[in-house]
Amino acid sequence: MAPELKRKREEEEEAVNAATSFPKNKIKVLLLEGVSAKGIQLLKGQGFQVEALKTALTEDELVEKVKDLHILGIRSKTQVTRRVIEASNRLIAMACF
């Protein structure tokens, strides 16, 4: 594909994504148990709302935090129970790192 056509196609795809994607600056991310500063900065640099805590949370604390949360990043000490999942009304992704 010619470079001009490729560039035009990429611009059109970006316009479609911008019109249909949920704005990154409205996506709330919670990272628990001491995620690296570089990872936090990377997400913030992309425009996400990031809260990072150095410790795990209890089940009760996590139930409160996930209510309006979109992305949850955990490590081994955090226990995501059925109650936590059921309390989340906007959670779209969860990852263990």
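About the criteria used
Every chain is numbered independently, its residues counted from 1 as its sequence is written. For a predicted model such as this one, the threshold for reporting local features is a pLDDT of at least 70, and the threshold for listing and counting side-chain atom pairs is 80 or more; totals across whole chains, interfaces and linings nevertheless cover every residue. Remark: hydrogens and water are excluded; side-chain values derive from all non-hydrogen atoms of the structure. Only DSSP runs of H or I reaching four residues or more are called helices, and only runs of E reaching two or more are called strands; each is numbered from the N terminus. Note that the radius of gyration is over C-alpha atoms, with the globule rule given as 2.2 Å times the number of residues to the power 0.38. The buried label applies to any residue whose accessible area, calculated with a 1.4 Å probe on protein chains only, is under 20% of its type's maximum; exposed applies above 50%, and partly exposed to all values in between. Contact between two residues is taken to exist if any of their heavy atoms lie within 4.5 Å; hydrogens are not considered. The protein chains shown are the only cover counted for residues, whose accessible areas, like all others here, come from Shrake-Rupley with a 1.4 Å probe. Charged-residue counts in this description rest on Lys and Arg as positive and Asp and Glu as negative, His and the chain ends being excluded. For the purpose of locating charges, the reference atoms are NZ of Lys, CZ of Arg, CG of Asp and CD of Glu. Strands qualify as paired when DSSP identifies two bridges or more between them. The path from the first strand over the helix to the second decides the hand: if it runs clockwise while the strands point away from the viewer, the crossover is right-handed. What we call a nonpolar core is a set of buried Ala, Val, Leu, Ile, Met, Phe, Trp, Tyr and Cys residues that are connected through their side-chain atoms within 4.5 Å.

Observations concerning the overall build of the protein chain
Looking only at helices and strands, one finds four helices and four strands in the protein chain. Secondary structure elements of the protein chain, listed N to C terminal, follow the sequence α-β-α-β-α-β-α-β. At 17 Å, the protein chain has a C-alpha radius of gyration far larger than the 13 Å of a compact globule built from 97 residues. Principal-axis analysis of the C-alpha atoms gives the protein chain an extent of 55 × 30 × 20 Å. Put simply, the protein chain has 97 residues, and 23% of those count as buried. Considering only residue pairs separated by 6 or more positions, the protein chain has 33% of its internal contacts joining residues 24 or more positions apart. Accessible surface computed for the protein chain: about 7,000 Å², of which carbon and sulfur atoms make up 53%. Between the averaged position of the 17 positive side-chain charges in the protein chain and that of its 14 negative side-chain charges there is a distance of 3 Å.

Comments concerning the pairing of strand S3 (residues 71-74)
Bridge count between strand S1 (residues 28-31) and S3: three bridges; the pairing is parallel. When the sheet's bridge partners are listed, Val29 is paired in S3 with Ile71. As paired strands, S3 and strand S4 (residues 93-96) are joined by four bridges and run parallel to one another. Bridge pairing links Gly73 to Ala95 in S4. Taking the sense of rotation as the criterion, the β-α-β connection linking S3, helix H4 (residues 82-87) and S4 turns out right-handed.

Details of the nonpolar core
Leu30, Leu32, Leu57, Leu62, Val63, Val66, Leu69, Leu72, Ile74 and Val84 form the largest nonpolar core, which has ten residues in total. When residues of this core are traced back to their parent elements, those giving at least two are helix H3 (59-65) and S3. Not counting residues up to four positions away in its chain, the partners in contact with Val84 are Glu59, Leu62, Val63, Val66 and Gln79. The next biggest cluster of nonpolar side chains, apart from the first, holds seven residues, and it includes Ile27, Leu31, Ile40 and Phe48.

Quick notes on unusual backbone geometry
The phi angle at Glu33 is positive, at roughly 65°, despite the residue not being glycine. Position of Glu33 relative to the elements: it lies in the loop between S1 and helix H2 (37-45).

Digging into the environment of Leu91
Positionally, Leu91 belongs in the loop between H4 and S4. Separated by 25 residues in the primary sequence, Leu91 and Val66 have C-alpha atoms spaced 7.2 Å apart. If we ignore the near neighbours within four places in the chain, the residues touching Leu91 are Leu69, His70, Ile71, Leu72 and Ile85.

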